[in-house]
Amino acid sequence: MFRRIFELLVKELLQLKRDKSARFRMLIPPIVQMMLFGYAATFEIFNVSTAILDQDHSQESRALVSAFASSKRFDVTKQASNLNEAKAAVEESRAQLAIIVPPGFAELLRKGQTAPIQVLVDGTNSNSALIALGYVGQIAAAFGQTHALDLAQRTGRLHGRPMVNVAMVERYWYNPNLNSRWFFVPGVIGTLTLITIVNLTAFAIVREREVGTLEQILVTPIKPFEFIIGKTLPFFFIGLIQVILVAAVGTIWFEVPFEGNPLVLLLGTCLFLLSTLAIGLLISTLCKTQQQAFASNFFVLNPMFILSGFSFPIASMPEALQWLTYLDPLRYFLVIVRGTYIKGIGIDVLWPQMLALLILGMSLLVAAMLRFHKSLD
Amino acid sequence: MRLRRIRAISMKETLQIIRDPRSLMIALLIPLMQMFMFGYGVNLDVKHIPLCTLDWENSQTSQELLERFAASSYFNMQKAAANHPDIKRNLDDGSCRLAIVIPADFSQRLNDSGSSTVQVLVDGTDSNTASIAANYARSVIAGFSTDEQTRSIERKGGVVQTTTPVDTQARVWFNEELESRNFIVPGIVALVMAIVGAQLTSLTIAREWERGTMELLMSTPVQPMELMIGKLLPYFIVGLADAAICLILAVFWFKVPFRGTLATLFLTTSLFLIVMLCIGYYVSIAIRSQVGASQIALLVTMLPTTLLSGFAFPIEQMPMFVQGVTYLVSARYYVTILKAVFLKGSGAAELAAPILFLALYAVGVSFLAARAFHKTLD
């Protein structure tokens, strides 16, 4: 039995060795994707282009404006001289944000009343807009607090006692600078592995079926079970190599710290590969042509990608979709990759995900084997 | 160039599409699935953040603060933690994303010196959710702080003048409710065009190579240009049908505002579709194998359309050289146009620059595709 599997393995590796373009396609796309995700995928907000209209021209309004200008979140690209200019800047996308300090701002502040400022936001990108608005609120509130405190002390309203204030001291764990690269780069490892391995497995078997070599192989004494092992084993190793390669790029190039134990990640990867191979196999039993395989892959991989929590939080999805995510092996693997990478947690915390991957992988594999037998008749 | 030959090739291709109902179904199901998956699955709005608390003081004041968190719809109160290791475990296994630690001298310091601190520990793994969650926590604490302020001034017989010295009044344009769905859904049209346009075409033509029917086609009197137009025309129509499906779903199902004109949308969609079709055609001629063609098509169309077009990730936030690269991505112009047409109601005049780029791109790529085939004939 092992000899036959070994023979098949040799055949597969030879095929791979002789197919230069396949090797190229196995190596280059993952690296390109890693680079793209590492550089392009970010939800952070810095240097938001901002138009400022100061209609008050007071000491206070200038202080507020400079508080915005000196923040690294905002980049004052335009000093508007009237309201229309400020509006036009937002309307024509020259600024994402316009901050308007209306006349009478300082007077209200000095009287100890609430002084409004107006903010016009281009909400097209709701996420950036929301975060930018958060920063505007923060800076304005901090400015207001300092000013009120100052005023209270000068007027003696507090009778020598400081003003009551509850401050929030926040600390971000695992990712202290909230670098979104730390979130995306480990995630790419999972996503890339899923896409490459499912595609390779499905296409490899469907191609043999389409070209007719599958029947040739099956008239040899090899058993379907051995065929499956011999056929998928190379992809298992390719998957492992890819994970190591991509993880190395992530750690060395993008400097995402690896806090945990590499062996835990390795174990998780093996369990995850089980599911990906089984999915590829399952798809291959359902398809007769490569075009069908491509389409099926697309219909399976795309939802898995979206439902995994790779970039869109699962907790914000509708309830029904949240339940579906439990069937997504990538969901569990992402928790494992991010957990070992950034949080540095071990099997004691990650065992439920490992177990889920094992169960999912095994049931998918059994289903694939049963289907494969059937598809031969 | 003869129209008759183009028609003949188109007829053959159309028949092939129709006789393979499965692939036609797929072409029509892709927009449906993309719309529903992204429309429902992609939500960057943060709500119900699982929260755990560690109240070292357990006084009336500290409980009042925690009640405010419990009352907020942004947070979802989990069990109270007993000690720090408890919190670490909860953050480690992800059962809570945010922990509030109230020090033992919280209300005492508030009474004595007037200022006190609350520690908020945030799981920063998902940096986007983390910063939004911290913002919500900050506003809950700020609300508590101003109320305490008012109370303390009133207790001392003072008159409360104001509690919020500077009030930020925000007016949001174009996507007034700040719905992430309105921002994501228009861009899906570009994704669907990339898939249907480039991927499906690249596969069908590579299949002709693999099966040897391409040589058969070459032996006919058909000219390269005629072959390209004839082959791509049916897919152009399928692509437009897909765009229509997307538009209908976006407007009537997901209620995304559509403020522009159909003419602008039709013009720009056609241009983008031509770009995608020609790239798919070019790739399939260059690679000649279905697996290879689909992989390369994925790399040069789908991936940039998802990542470098501003579809989900803002281009202005990328490093400078990546921003430079985005100018080479046709989807960048199309996604800009889509969002502007849907949300801003911009017309062809306002969008002249991106439309011009897209048109130049279409001309360039179709020229390239037409020439590529000519070379392989001899």
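None of these values were measured; they are calculated from a predicted model. (Residues numbered from 1 in each chain as written. Chains lettered and ligands numbered in written order. Predicted model: local features only at pLDDT ≥ 70, side-chain atom pairs only at ≥ 80, totals over all residues.)

K.L.:
Would you explain helix H3 (residues 60-71) of chain B in this entry?
P.N.:
Two residues of an α-helix separated by three or four positions point the same way, owing to the 3.6 residues in each turn. Residue and element names in this part refer to chain B. For H3, with 12 residues, the first-to-last C-alpha span of 16 Å sits near the 16 Å given by 1.5 Å per residue. All of the buried residues along H3 are Ser62, Leu65, Leu66 and Phe69. Along the long axis of H3, the arc covered by the buried residues comes to 95°, so they all point the same way. Projecting away from the buried face of H3 at angles above 90 degrees are the exposed residues Gln60, Glu67, Ala70 and Ala71. For H3, the elements touching its buried residues are strand E1 (49-55), strand E2 (75-77), strand E3 (98-102), helix H5 (106-112), strand E4 (115-123) and helix H6 (127-155). (Helix = DSSP H or I, 4+ residues; strand = E, 2+ residues; numbered from the N terminus. Expected span 1.5 Å × (residues − 1). Buried ≥ 20, exposed ≤ 12 C-beta atoms within 10 Å, placed from the backbone. Arc of directions from axis to C-beta. Contact = placed C-beta atoms within 7 Å.)

K.L.:
Any chance you could explain the sheet that holds E1(B) here in plain terms?
P.N.:
Note: strands within a sheet are paired through backbone hydrogen bonds, in either parallel or antiparallel orientation. Here five strands make up an open sheet; going across it, the order is E5(A)-E4(B)-E3(B)-E1(B)-E2(B) and the pairing mixed. Bordering the open sheet on either side are strand E5 (165-173) of chain A together with E2 of chain B, each of which pairs with just one other strand. On average, adjacent strands in this sheet sit at an angle of 30° to one another, irrespective of strand direction. Sheet analysis places E1(B) next to E3(B), joined by five bridges and oriented parallel. Paired with Leu54(B) across the strands is Val101(B), a residue of E3(B). Relative to the sheet, H6(B) contacts E5 of chain A together with E1, E3 and E4 of chain B, its axis offset from that of E5(A) by approximately 165°. (Pairing = 2+ DSSP bridges. Axes fitted to C-alpha atoms, helices over the stretch in contact; angles between N-to-C directions.)

K.L.:
Sorry if this is basic, but what is going on with the domain arrangement of chain A here?
P.N.:
One frequently used descriptor of interface size is the decrease in accessible area upon assembly of the parts. For chain A, the domain assignment lists domain 1 (7-41 + 180-376) and domain 2 (48-155). One C-alpha centre belongs to domain 1 of chain A, the other to domain 2 of chain A, and the line joining them spans 49 Å. (Domains from an automatic or database assignment.)

K.L.:
Explain the nonpolar core to me, please; I cannot follow it from the model alone.
P.N.:
Within soluble globular proteins, side chains that are nonpolar generally end up buried alongside one another. In this structure, Ala190(B) and Met193(B) are the most contacted members of the largest nonpolar core, which totals 156 residues. Apart from residues lying up to four places away in sequence, Met193(B) is in contact with Gly239(B), Ala243(B), Thr269(B), Phe272(B), Leu273(B) and Met276(B). Among the nonpolar cores identified, the runner-up in size contains 72 residues, and Phe105(A), Ala115(A), Ala140(A) and Leu110(B) belong to it. (Core = buried A, V, L, I, M, F, W, Y, C linked by C-beta atoms within 7 Å.)

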